[in-house]
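Listed here are the chains, written in short residue letters.
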Amino acid sequence: ECKRLISKTDLMQGVCGRITFLSSRVGSVLSGSLMDEVKLSKCMGSTYRAYQTSNNTQSEERDLSYESAIRSLNALQSNAATLQKIRKERQKHVHLNLPQTRLYLERSGVTTDMLNSLKIIHVSGTKGKGSTCAFCESILRQYGLRTGFYSSPHLVSATERVRLDGEPVARTKFTQYFWQVYDKVCRNRSSEDRPPYFQFLTVLAFNIFIKEKVDVAIIEVGIGGEYDCTNIIEKPIVTGITALGLDHTNILGNTIAEIAWHKAGIMKSGVPTFIDGNQPSDALKVISRRSTELGASSLAVAPPLDQYAWGRFPLVLGLHGQIQHRNAALALCLAKSFLAHTDLLEGDTHNLPEGEEEDSSPQISRQASQDNYQNIDVVEPFAITGKMALGLRLTDWPGRTQILDMGRTQYFLDGAHTEESVRACAAWFKKASKQSARDEEKIFKVMIFNTSGERDPKVLLTPFLKCQLDLVIFTTNVSGLEDAVDQQNFTTTDKIQLERCKSHLRLWTKLGSDGSDRPVTSHDRAEEEDLNSNLNLLATGNPVPGVIIPLICDALQWIKQDSHLQTGDLNCVDDVNKPVDMNDADRLQVLVTGSLHLVGGVLACIQDEEGLIQAREVDPELINHYKHLEKSQCCNANSNGNAAAKNSNANAKYQSVPGML
């Protein structure tokens, strides 16, 4: 089969970047690598058939289905070898990214004036920018606005990247708009004259938002900010910057100051900017300096969430974790600023406490003695409306501090992949897993882990050493599903992913309880030799054993032993000894983290057969309760800045866990 594929690579001459990718996969199999690489390569069959189909369309009627659209979209990905070359040369050509994006946008039929007609909220940052956008979108939807939301990456379906009214755009609509844009921008053009994957999706998103006539478009930056494709936006209503940290250092720089320079690049002349003030001082200095250089009309730090005047509304968010309080606080500033700078809700003041005006912007404290924020001004806490409180409560952002109960197995999903976010994830898991356990239950805790890109696995693994785990499974980001066309990733290879799993396991076995390296023992050396010849090894060097199971579905099936899962080939884990305590446990708590792509693969395996992420169910009584509170708030006196503390224990019936609204 492998030889047959190699002999037919001439069929794929018109498919940019895919021959190198396919050859690297086939080559790794033919070289006599581990059999697990062959098992991973079983997904190649459908991939190859897709390529063959795309070439045959030249002589047959065009396939304009959703699946064909995703295959054409995936063809815009750079393969692993090409991507490595791009990364090395990126700084030479990074300044061309924005003019190229404008070129493709205009080719698609969208002019600069049409883009400027969109009312946009633009958000950058290292951690929490997606959650902040989700909070903001949910708030504005409660005001009756038609919302558009562009984010990345997707978890299960590419449609998740472009949302209308809080939901991924329907497949039929995505397909319709995709071919309209693709035919104008890519069809019958050379590979050098086509936008790469993310750039194309950015152009597509703007097309959809304009044609769907959204009232607001919330745009999450991809990587960085200054040279990100989304920064063709010239006239946003407001911009925001979430918490910063060291990530994508090979692109953005190795210091927090360099990264802050890129992230602050989305600020625009005459446009207000709000930021998460919990930043390193070097980052705040750069942000402050760039706000002056770029002419932002104002720069201010969002106040702590509990300092807002909550009145009678409970301080409960739709997303878990203390870090989400910071994201929600920033989202409130962005949403209120947007409402103040548009005439969409002119005169709608009946839901606010007495004296509060709907069209008033967030008020900024001009006292510049804020040493904690490098003399950056701070937003004065304002009164929360019922729509704001309900929007925060109903925010649903899958794959981020998400809990799914599925019988005996309980999944804790968080795509944390930076040093700060994995620390927050570990803290959340320790608290949430304890709260979810019933009295006298036998609990067995498993972590499924992987990383992507060039992130330091030691930094990402260390926080979980004190999570009282019982087992760690290292897997690739390959789900093992036969038709997971939305999750095809050509930017890496199976061999690279397997090597990463082995390095993760080696590292885990050598880590002491405090995160330091243990002295290497003869037992460690024996396990290392075994690992080179056999992946199915339950390594026991660390007090918490670890094992490699290459395919996500196989890992889930092995954990759960549940026949209803969509599964891969379980033969690859038949000879892995399952811990006795795992079989005897009343409940399995499974933490999935380290990569959003990994979380997406898990969701694809455990969600419904159509591959759609299940929306969280909302109790109508909850909505009625907030409406009742809103009416009573309108009829009563003002709230003050300390109201949140007084009301944090109120409405006990509705202080439920966010995952179970």
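What you see is a predicted model; the values in this text were computed from it and never measured.

Draft legend 1. Structural view of the pairing of strand β6 (residues 238-241). Burial along β6 is two-sided: Val-238 and Gly-240 and Thr-239 and Ile-241, pointing in opposite directions, are all buried. Where strand β1 (residues 120-124) meets β6, 4 bridges bridge the pair, whose relative direction is parallel. By the bridge assignment, Ser-124 is partnered in β6 with Ile-241. Pairing geometry for β6 and strand β7 (residues 272-275), over 3 bridges, is parallel. Following the sheet pairing, Gly-240 is matched in β7 by Phe-274.

Draft legend 2. Spotlight on the packing of aromatic side chains. Overall, the coordinates contain 15 aromatic pairs when judged by the stated rule. Aromatic pair Trp-179 and Tyr-182: ring centres 5.6 Å apart, planes at 85°, arrangement edge-to-face. With a gap of 3 residues between them, Trp-179 and Tyr-182 both fall in helix α10 (residues 171-185), about one helical turn apart. The exposure class assigned to Trp-179 is buried, which follows from its relative accessible area of 9%. Ring centres 6.3 Å apart and planes at 10° place the aromatic pair Phe-313 and Tyr-626 in the stacked group. Taken together, the positions of Phe-313 in the loop between β8 (298-301) and α15 (323-340) and Tyr-626 in helix α24 (residues 620-635) put the pair 313 residues apart, joining distant regions of the chain. Residue class for Phe-313 comes out buried when judged on its relative accessible area of 1%. Residue class for Tyr-626 comes out buried when judged on its relative accessible area of 2%. Above the plane of the ring of Trp-179 lies Arg-62, whose end atom (NZ or CZ) is 5.2 Å from the centre.

Draft legend 3. Main features of the sheet that holds β7. Read from one edge of the open sheet, 10 strands run β4-β3-β2-β5-β1-β6-β7-β8-β10-β9, paired in mixed fashion. In this open sheet, the two strands that pair with only one neighbour each are β4 (167-168) and β9 (364-365). Strands β1, β2 (147-150), β3 (162-164) and β5 (216-220) of the sheet are contacted by helix α11 (residues 197-211), whose axis makes an angle of about 180° with β2. Sheet strands touched by helix α14 (residues 281-294): β6, β7 and β8. Its angle to β8, the strand with the most contacts, is close to 155°.

Draft legend 4. Local environment of the nonpolar core. In terms of nonpolar packing, the biggest core is built from 48 residues, with Ile-121, Leu-140, Leu-305, Tyr-308, Trp-310 and Leu-332 touching the most fellow members. Within the residue set of this core, elements represented by two or more residues are β1, α9 (129-142), β5, α15, α16 (386-393) and α24. By size, the runner-up hydrophobic cluster in this structure holds 43 residues, among which are Leu-76, Leu-164, Val-185 and Phe-206.

Draft legend 5. Here's a closer look at the sheet that holds strand β13 (residues 443-449). Strand order in the open sheet formed by 6 strands is β11-β12-β16-β13-β14-β15, with mixed pairing between adjacent strands. Looking at strand neighbours, the two that pair on one side only are β11 (402-406) and β15 (546-548), the edges of this open sheet. Direction aside, the axes of adjacent strands within the sheet are offset by 20° on average. Note that β13 and strand β14 (residues 471-474) share 4 bridges and pair parallel. Pairing of Val-446 across the sheet is with Leu-471, part of β14. Contacting β11, β12 (409-414), β13 and β16 (587-593), helix α23 (residues 596-606) crosses the sheet at an angle of about 145° to β12.

Draft legend 6. Fine view of α9. Along its 14 residues, α9 runs 20 Å from first to last C-alpha, staying within 8% of the 20 Å computed at 1.5 Å per residue. Where burial is concerned, most of α9 is hidden: 12 out of the 14 residues are buried. Those residues of α9 that are buried lie in contact with β1, β2, β5, α15 and α16. Downstream of α9 by a residue or two, Gly-144 has a phi angle that is positive, lying close to 85°.

Draft legend 7. Examining the pairing of β7 more closely. Both faces of β7 are covered, namely the face carrying Pro-272 and Phe-274 and the face carrying Thr-273 and Ile-275. Running through α14, the crossover from β7 to the neighbouring parallel element β8 is right-handed.

Draft legend 8. Up close: the packing of helix α21 (residues 552-560) against α23. Direction vectors running N to C along α21 and α23 enclose 60°, while the axes themselves pass 9 Å from each other. If you check the angle between α21 and α23, you find them oblique. Read as a crossing pair, α21 and α23 show a hand that is right-handed. Contact residues: α21 offers Ile-552, Cys-553 and Leu-556, while α23 offers Leu-598, Gly-601, Val-602, Cys-605 and Ile-606. Taken together, the residues of the contact of α21 with α23 sort by class into 7 nonpolar, 1 polar and no charged.

Draft legend 9. Spatial organisation of the environment of Leu-556. As for its placement among the helices and strands, Leu-556 is situated in helix α21. Of the residues examined, Leu-556 reaches a relative accessible area of 1% and is grouped as buried. Sequence spacing of Leu-556 and Ile-448 is 108 residues, and the spatial spacing of their C-alpha atoms is 9.1 Å.

Draft legend 10. Focus on the state of the cysteines. Counted by the stated rule, this structure contains 1 disulfide. With a sulfur-sulfur separation of 2.3 Å, Cys-553 is cross-linked through a disulfide to Cys-605. Between Cys-553 and Cys-605 the disulfide shows an S-S torsion of about -115°. By sign, it is left-handed. Taken together, the positions of Cys-553 in helix α21 and Cys-605 in helix α23 put the pair 52 residues apart, joining distant regions of the chain. Taken individually, Cys-553 and Cys-605 each receive the classification buried, so the pair is uniform in this respect. No disulfide involves Cys-467; its sulfur sits 7.5 Å from the nearest other cysteine sulfur, which is in Cys-425.

Cut-offs used in this document
- Residues numbered from 1 in each chain as written.
- Predicted model: local features only at pLDDT ≥ 70, side-chain atom pairs only at ≥ 80, totals over all residues.
- Heavy atoms only, no water.
- Buried < 20%, exposed > 50% of the residue type's maximum accessible area, 1.4 Å probe, protein only.
- Helix = DSSP H or I, 4+ residues; strand = E, 2+ residues; numbered from the N terminus.
- Pairing = 2+ DSSP bridges.
- Phe/Tyr/Trp six-rings, centres within 6.5 Å; stacked < 30°, edge-to-face > 60°.
- Lys NZ or Arg CZ within 6 Å of the ring centre and 35° of its normal.
- Contact = heavy atoms within 4.5 Å.
- Axes fitted to C-alpha atoms, helices over the stretch in contact; angles between N-to-C directions.
- Core = buried A, V, L, I, M, F, W, Y, C linked by side-chain atoms within 4.5 Å.
- Expected span 1.5 Å × (residues − 1).
- Right-handed = clockwise from strand over helix to strand, strands pointing away.
- Parallel < 35°, antiparallel > 145°, perpendicular 65-115°, else oblique.
- Left-handed = near helix turned anticlockwise from the far one by under 90°.
- Nonpolar A, V, L, I, M, F, W, Y, C, P; charged D, E, K, R; others polar.
- Disulfide = S-S within 2.5 Å.

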